[in-house]
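# Examining the three-dimensional arrangement
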Amino acid sequence: MLRKEQGDLLTRTGPGTPAGTLFRSYWIPALLASELPDNDCPPVRVKLLSERLLAFRDSKGRLGLIDEFCAHRGVSLWFGRNEEDGLRCPYHGWKYDYTGQCIEVPSEPVESGFCKKIKLKSYPLIERGGVLWTYMGPAGQQPPLPEWEFAQVPPGQTFTSKRIQESNWLQAMEGGIDSSHVSFLHRGELNTDPLFRGARANQYNLRDSRPVFEVVESAGGLLIGARREADDGNYYWRITQWVMPSFTMIAPRGNHPVHGHFWIPIDDENCWTWSFDYHPTRALTAEEVKAMRDGKGIHVKYVPGTFRPLANKDNDYLIDREAQKAGRTFSGVEGIAMQDASLQESMGPIVDRTKENLVSTDNGIIMARHRLLRTIKAMMDGKTATPPGVDVEHQRVRSAAVVLPPDKPFIDAAKEALTVRAGTAHASV
Amino acid sequence: MTMQSESARAASASEALFRIDDPNSRPRAIKVIALDRESEAVVKRLARSGWTNASFLIAPAGDPPRGERFSMNGWLSDLAGQTLDLVDEIDKSDLVVMIATAGSNTETASIIGEACSLKRVMTTALVLAEPTVPDAALSRSLSQLRPWALMLVVASAEDYIADMLTALRA
């Protein structure tokens, strides 16, 4: 349970809100690089943290993320002409460069310098790992560029997708650190999904549906260990990473790629679910990439031409009661991503946490909220301007799956496995 | 115009206004037990906040008692020093939260854990570990607690306990 005012504090991320200020401390994923494939390609509308923006790549390849609307009469610059180092409003020809600076007002004499007085709000936009990242905080406090491993490995070793989720970011993110639902909601996929099946550890998951949890604070967020019975009296540990404010990395299975998410607020009732899969030491196979494009694993199929999942609330998530009854899927919804999203969206745009009844296995969620609230309060009180997760050391983390003797704590035994070691595969079972 | 699906309509903010507003749970009894002297001080501070569904107890510090003469009667005590029967207390609880300080001897968790196992009561252990605590000391506490806790949490600040109890409707 959270008090209403605590819930409001965590879920509202628009300009000037405390949680919005927190998100504006980080480089966050804004677009796939493939959305702006060429110089002078069409601009793309982007809504992030309740701000309407427009992304474009100019004639020299420079990336801009600017206020969507022309300063003259409020026209959406999505209709603009992207040409000759700028974006020109089609209404009266005002033109803006990638920083949002107006560089031409055709109706005014050039000598007047009027255009220099017009500048749209803009944010830096950089490309890294096939993702365009932005920083929406104060210019003087821009953090070091992101160093997440999935965005650092060679392009052939990584795959990233994004989808719209029609709920607040927090209830989506909390699903990513809730390890106990896997044995129920996703049990149908462990032995069938091409990006999960075949791992020895899947049987440990299916055999033991009552894992024991350990939650440990890390420098950047949390480590959440779920312990199940393995063979010969040993324990099978799945260790999830959560790095503030909304990065999660799920424990890998076998030699499959390792995957994780970012949940980034679009506004208070919608968020982007970013999903990445990568392998630290080998290229993804053609079969793996095809499976990801086909919506397997943590990815989805789309409504053509959009980032909206094909199974969505307007078609009741294509729920198949026969598949549910036959046990092919636990909830009747197909695919891991939409099994999660359908339930999280069913809570309503912003779930009322005053009504929930958490149990002790929810300590991962409780601790994540606690750390977020503690950090937000410290920022509001002026005690810190650099929250956990900004430091690139906090980003050099991995999830891990390991089998350990019963007397070995995972935080000691898996310490190396939980940090990025270039050229070394992730620890997996 | 196409008709909205049932899921789309049901998940809208306007439909949220029609959710049942009655309480959906009954109070649960939570026992918070300090396992060492440092955590006893923490539990005493915590108890001052005035909880509705939590009670605060102290286990004797040090090694657990052994031998036939050991009795669970009077083994625990409340914050006023009044002795209590462990099994009775466990029997009246829905959740037992054991509080320990990293590096301290938390072997008494085995007595509480066995009683909880007997009575099928959920256990959570919370270890307070400041960032300066050596790994070995934390590991020792964790290994003593692990067999007896179905949920084990390592927290760097004691205010987490209050947040956890609030979240659990204590």
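What you see is a predicted model, and the numbers here were worked out from it, not measured in a lab. (Residues numbered from 1 in each chain as written. Chains lettered and ligands numbered in written order. Predicted model: local features only at pLDDT ≥ 70, side-chain atom pairs only at ≥ 80, totals over all residues. Heavy atoms only, no water.)

### Quick notes on the interface of chain B and chain A
Taken together, the contact between chain B and chain A spans 40 residues of the former and 42 residues of the latter. A buried area of about 3,300 Å², summed over both sides, lies between chain B and chain A, and 48% of it is on carbon and sulfur atoms. At the surface where chain B touches chain A, the tally comes to three salt bridges. Residue Lys-355 of chain A pairs with Asp-21 of chain B through a salt bridge whose shortest N-O separation is 3.2 Å. Seen at the junction of chain B and chain A, the total is 24 residue pairs in polar contact (both at pLDDT 80 or more). Elements with a contribution of two residues or more to the side of chain B that touches chain A: α1 (6-10), β6 (122-128), α6 (135-145), β7 (151-155) and α7 (159-167) of chain B. Ranked by the residues each element gives to the side of chain B that touches chain A, the list is headed by α7 of chain B, at six residues. (Contact = heavy atoms within 4.5 Å. Buried area = accessible area lost by both parts, 1.4 Å probe. Salt bridge = Lys/Arg side-chain N within 4 Å of Asp/Glu carboxyl O. Polar contact = N/O pair within 3.5 Å; in protein donor to acceptor, adjacent residues only side chain to side chain. Helix = DSSP H or I, 4+ residues; strand = E, 2+ residues; numbered from the N terminus.)

### Here's the deal with the side chain of Gln-395 of chain A
Residue and element names in this part refer to chain A. As for its position among the elements, Gln-395 is in helix α11 (residues 392-395). Overall, Gln-395 belongs to the buried group, its relative accessible area being 5%. A polar atom in the side chain of Gln-395 sits 2.7 Å from the backbone nitrogen of Glu-147. A distance of 3.1 Å separates the side chain of Gln-395 from the backbone oxygen of Gly-389, its partner in a polar contact. Ignoring sequence-local partners within four residues, the contact set of Gln-395 consists of Leu-145, Pro-146, Glu-147, Trp-148, Gly-389 and Val-390. (Buried < 20%, exposed > 50% of the residue type's maximum accessible area, 1.4 Å probe, protein only.)

### Details of helix α9 (residues 336-346) of chain A
Residues lying three or four places apart along an α-helix face the same way, a consequence of the helix completing one turn every 3.6 residues. All names here are of chain A. Counting buried residues along α9, nine of its 11 residues qualify, which places the element largely inside the surrounding structure. What α9 keeps buried is the set Ile-336, Ala-337, Met-338, Gln-339, Asp-340, Ala-341, Ser-342, Gln-344 and Glu-345. Buried-residue contacts for α9 involve β12 (158-165), α3 (169-176), α4 (182-185) and α5 (187-190). Positive phi shows up at Gly-348, right after α9, with a value of about 105°.

### Considering the nonpolar core
Counting 94 residues, the largest nonpolar core has Trp-133, Phe-150, Phe-247 and Leu-372 of chain A together with Leu-126 and Leu-165 of chain B as its most contacted members. No other element matches the eight residues that helix α10 (residues 363-380) of chain A contributes to this core. Each residue touching Phe-150 of chain A, except ones within four places of it in the same chain, is listed here: Val-131, Trp-133, Thr-158, Thr-160, Phe-247, Phe-262, Phe-276 and Tyr-278 of chain A. Formed by 42 residues, the second largest nonpolar core is a distinct cluster that contains Phe-410 of chain A together with Ile-111, Ala-125 and Leu-145 of chain B. (Core = buried A, V, L, I, M, F, W, Y, C linked by side-chain atoms within 4.5 Å.)

### A short note on the sheet that holds strand β11 (residues 131-135) of chain A
Residue and element names in this part refer to chain A. With respect to topology, three strands assemble into an open sheet ordered β1-β11-β10, the strand pairing being antiparallel. Edge positions in the open sheet fall to β1 (27-32) and β10 (125-128), since each of these has one partner strand only. Adjacent strand axes in the sheet meet at a mean angle of 40°, parallel and antiparallel pairs treated alike. Both β1 and β11 contribute to a ladder of five bridges, which runs antiparallel. Bridging across to β11, Leu-31 finds its partner in Leu-132. (Pairing = 2+ DSSP bridges. Axes fitted to C-alpha atoms, helices over the stretch in contact; angles between N-to-C directions.)

### Some details on the packing of α10 of chain A against α7 of chain B
To describe two helices that pack against each other, one gives the angle between their axes and the distance between the axes. Two numbers describe how α10 of chain A lies on α7 of chain B: the axes approach to 10 Å, and their chain directions differ by 125°. By the angle between their directions, the pair α10 of chain A and α7 of chain B is classed as oblique. Classified by chirality, the crossing of α7 of chain B by α10 of chain A is right-handed. From α10 of chain A, Asn-363, Ile-366, Met-367, His-370 and Arg-374 of chain A reach across to α7 of chain B, where they touch Asp-159, Tyr-160, Asp-163, Met-164 and Ala-167 of chain B. (Parallel < 35°, antiparallel > 145°, perpendicular 65-115°, else oblique. Left-handed = near helix turned anticlockwise from the far one by under 90°.)

### Some details on the side chain of His-426 of chain A
Residue and element names in this part refer to chain A. With respect to the helices and strands, the residue His-426 is situated in the segment after α12 (410-413). You can call His-426 buried: its relative accessible area is 7%. One polar contact links the side chain of His-426 to the main-chain carbonyl oxygen of His-256, over a distance of 3.2 Å.

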